[in-house]
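Architecture at a glance
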Amino acid sequence: MPAVTAENPLTLPRVAAQSAAEGAGPRRAMQVTTAPSALEGEGFPVRRAFAGIDYKNLDPFIMMDQMGEVEYAAGEPKGTPWHPHRGFETVTYIMDGSFIHQDSHGGGGTISDGDTQWMTAGSGLLHIETPPEALVASGGLFHGLQLWVNLPRADKMTAPAYQDIGGGNIKLLASADGGALIRVIAGEVGGHAGPGSTRTPITMIHATVSPGAELTLPWRADFNALAYGLAGRGSAGAEGRPFGLGRTVVFGRGDSLTVRADETQESRSPNLEVVLLGGLPLREPMMQYGPFVMSTHAELAQAFDDFKAGRLGTIPAAAA
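Now for a look at the structure at hand. (Residues numbered from 1 in each chain as written. Predicted model: local features only at pLDDT ≥ 70, side-chain atom pairs only at ≥ 80, totals over all residues. Heavy atoms only, no water.)

1. Concerning the overall build of the protein
Stated formally: Counting from the N terminus, the helices are the DSSP runs of H or I reaching at least four residues and the strands are the DSSP runs of E reaching at least two. Atoms counted for the radius of gyration: C-alpha only. Globule rule: 2.2 Å times the number of residues to the power 0.38. Only protein chains enter the area calculation, which uses a 1.4 Å probe; residues under 20% of their type maximum are buried, those over 50% are exposed, and those in between are partly exposed. Surface accessibility in these figures is a Shrake-Rupley result with a 1.4 Å probe; residues are shielded only by whichever protein chains are displayed.
Each helix and strand in the protein was counted, giving three helices and 27 strands. Relative to a compact globule of 320 residues, whose C-alpha radius of gyration would be 20 Å, the protein shows 19 Å and is just as compact. Reported as C-alpha extents along the three principal axes, the dimensions of the protein are approximately 55 × 45 × 30 Å. Within the protein, the proportion of its 320 residues that are buried is 54%. Put simply, the protein shows about 12,900 Å² of open surface, and 50% of that area lies on carbon and sulfur atoms.

2. Some remarks on the nonpolar core
To keep it simple, the criterion reads: Among the buried residues, those of types Ala, Val, Leu, Ile, Met, Phe, Trp, Tyr and Cys that are joined through side-chain atoms within 4.5 Å form a nonpolar core. Contacts: residue pairs with any heavy atoms within 4.5 Å of one another.
Counting 28 residues, the largest nonpolar core has Ile205, Val209, Leu215, Leu217, Phe243, Val259 and Leu276 as the members making the most contacts within it. Listing elements by their share of this core, those giving two or more residues are strand S2 (29-34), strand S15 (180-186), strand S18 (202-209), strand S19 (214-218), strand S23 (247-251), strand S24 (256-261) and strand S25 (272-279). If sequence neighbours within four positions are ignored, Phe243 has contacts with Val32, Ala227, Tyr228, Gly229, Arg233, Gly234, Ser235, Ala236, Val249, Val259, Leu272 and Val274.

3. Overview of the packing of aromatic side chains
Definition in use: The rule is short: rings of Phe, Tyr and Trp, with Trp giving its six-membered ring, pair when the centres are within 6.5 Å, and they are stacked under 30 degrees, edge-to-face over 60, tilted in between.
Counted under the stated rule, the structure contains six aromatic pairs. Ring plane angle 85 degrees and centroid distance 4.9 Å describe the contact between Phe292 and Phe304, whose orientation is recorded as edge-to-face. Of this pair, Phe292 sits in strand S27 (residues 292-294) while Phe304 sits in helix H3 (residues 297-308); the two residues are 12 residues apart in sequence, bridging distant segments of the chain. By relative accessible area, which is 25% here, Phe304 ends up partly exposed.

4. Concerning the sheet that holds strand S14 (residues 171-175)
Formally: A strand pair is defined by DSSP finding two or more bridges across the two strands.
Spatially, eight strands are ordered S1-S14-S15-S18-S25-S20-S23-S2 in an open sheet, and the strand pairing comes out mixed. In this open sheet, the two edge strands, each paired with only one partner strand, are strand S1 (14-15) and S2. Pairing of S1 with S14, which is carried by two bridges, proceeds in the parallel orientation. Looking at S14, one finds that Arg14 is bridged to Ala174.

5. Some details on the sheet that holds strand S22 (residues 241-244)
Convention followed: Angles shown run from 0 to 180 degrees and are taken between the N-to-C directions of axes, each axis being a line fitted to C-alpha atoms and, for helices, limited to the stretch in contact.
If you trace the four strands from one edge of the open sheet to the other, you get S19-S24-S21-S22, paired in antiparallel fashion. The sheet is open, and its two edges are formed by S19 and S22, each paired on a single side. Neighbour to neighbour, the strand axes of the sheet diverge by 30 degrees on average, direction disregarded. Two strands pair when backbone bridges link them, and S19 and S24 are joined in this way by five bridges, in the antiparallel orientation. Counterpart to Thr216 in the pairing with S24 is Thr258.

6. A look at the side chain of Asp115
Stated formally: In summary, the charge assignment counts Lys and Arg as positive and Asp and Glu as negative, without counting His or the chain termini. What makes a salt bridge here is a side-chain nitrogen of Lys or Arg within 4 Å of a carboxyl oxygen of Asp or Glu, nothing more. By the criterion applied in these results, polar contacts are pairs of N or O atoms within 3.5 Å in which, for protein atoms, one can donate a hydrogen and the other can accept it, and in which residues neighboring in sequence qualify only through two side-chain atoms.
Residue placement: Asp115 occurs in the loop between strand S9 (108-112) and strand S10 (116-120). For the buried Asp115, which has no salt bridge, the nearest side chain bearing the opposite charge is Arg183, at an N-O separation of 11 Å. Within the local environment of Asp115, its side chain forms a polar contact with the backbone nitrogen of Gly167, the two atoms lying 2.8 Å apart. The residues contacting Asp115, other than those within four sequence positions of it, are Thr92, Tyr93, Ile94, Thr110, Ile165, Gly166 and Gly167.

7. As for the pattern of salt bridges
Throughout the structure, instances matching the rule amount to nine salt bridges. Measuring nitrogen to oxygen at the nearest pair gives 3.1 Å for the salt bridge that ties Arg268 to Glu69. With Arg268 in the loop between S24 and S25 and Glu69 in strand S5 (residues 61-72), the pair connects residues that are 199 residues apart, well separated along the chain. Between Arg153 and Glu299 there is a salt bridge; the shortest N-O distance is 3.0 Å. Highlighted residues: Arg153 in the loop between strand S12 (140-150) and strand S13 (161-165) and Glu299 in helix H3, separated in sequence by 146 residues. When its relative accessible area of 43% is taken as the criterion, Arg153 is described as partly exposed. Among the charged side chains, a salt-bridge network with shared partners connects Glu40, Arg48 and Asp65.

8. A closer look at the pairing of S15
Of all the seven residues making up S15, seven are buried; the element is thus mostly covered by neighbouring parts of the structure. By the bridge criterion, four bridges tie S14 to S15 in an arrangement that is antiparallel. When the sheet's bridge partners are listed, Lys171 is paired in S15 with Val184. In sequence, S14 turns back onto S15 through a hairpin of four residues, with Gly178 there showing a positive phi of about 80 degrees. Judged from the six bridges that link them, S15 and S18 form a sheet pairing that is antiparallel. Its bridge partner lying in S18, Val184 is registered against Ile205.

9. Examining unusual backbone geometry
Looking along the chain, the bond that leaves Asp59 and enters Pro60 is cis, with omega of 20 degrees. Looking at the element boundaries, Pro60 is found in the loop between helix H1 (55-58) and S5. Here the phi dihedral of Asp113 falls at roughly 45 degrees; this positive angle occurs in a residue that is not glycine. Counting through the fold element by element, Asp113 comes out in the loop between S9 and S10. Positive phi values are uncommon outside glycine, yet Arg283 reaches one of about 55 degrees. For Arg283, a relative accessible area of 69% corresponds to the exposed category.

Listed below in C-alpha cells is the structure:
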C-alpha cells in the first residue's frame, strides 16, 4: 500500500489551505475513536471505522469498514455471499489485492490495486463480492475499504447504477510543501475534482503523509469532516490530537483541516496513510436494518417484503 502513487510528488499540482468564509478557521479534532475488529461476509477481518460515533456527526455517511490489511495463505481469501441492498451507495476502494463484484442488474467487474467500485443500490439489487480464483489459489495481501453513503429520501428508489473508477483516473495532487500525496477519489479540494460521480455531495481522499510532514487542506464549511487512519501514526486538528491506524477523527466546524505524521513511524508503514471524508449532511431521518437504509420503519419493512418476494432481483443463472 498504496497502489497508486507518484514517482515525484513535487511535479504534481499543489493544494494550499485558504480561508473560504469570513469567521471560519481551522477545524478542531472533537472526537477520536478506536475501531473495533469484526468478521464480515464469509469471515474476512474488518475494522468498524465509525463505531461509537453519533450519526449526526457522520451524516451523510453510514458506516465504513477497513477490510484487512491481511496476508492470506493459499485457500484463505474470502468474500461475501449473495445479499441485497436498498437506499444507499457502496464505495469499495481496493489498495492491495483484488475483489470481483457481480450484481443482479448486470453490473460488476474486477477491482484491484487502487481501483474504486461505486455502486448505487437505489431501489434495490442483489450482489456478491468474491476474491478472484488466482488469489484464493496463491494467497496474498488484501487491503481495502468499503464506505456506505446515504441517499436523499427523494433518490432512494432511483435505478441501480455502477461506476468503475480505475486507479489511473484518480486525481493526484501534492500538499503545499510536497510532503503529502493526495488522491482525490470523489468531490473536490482546492479546485481539483476527483472522478467519482456522487448523488450526495461528498469528498473522499486518500492521503500519504511523509514522516514529520503536515497536510492542511481547504474544506467546505458546510461539509462535515472525518479522518481515518489506514496505517502509521500522527495527529489531527489544530491542537494535534494523536491518532493513527484504526482510529477515526471527527472534526468540528471550520474551513480547513490538518493532519500531521509523526517524525518516527512504525516499521510496517513508512508513512501516515489516512482517508479524509466530508459530506453535505442530509438532515433527514435515517433508518438502517442490515443491508437496507431507508427513511422510515415502514420503508424498511417494505424493503424486506420486496426482497422476500424477489422484487430486488434474482441471482443470475450462471452464478447460481
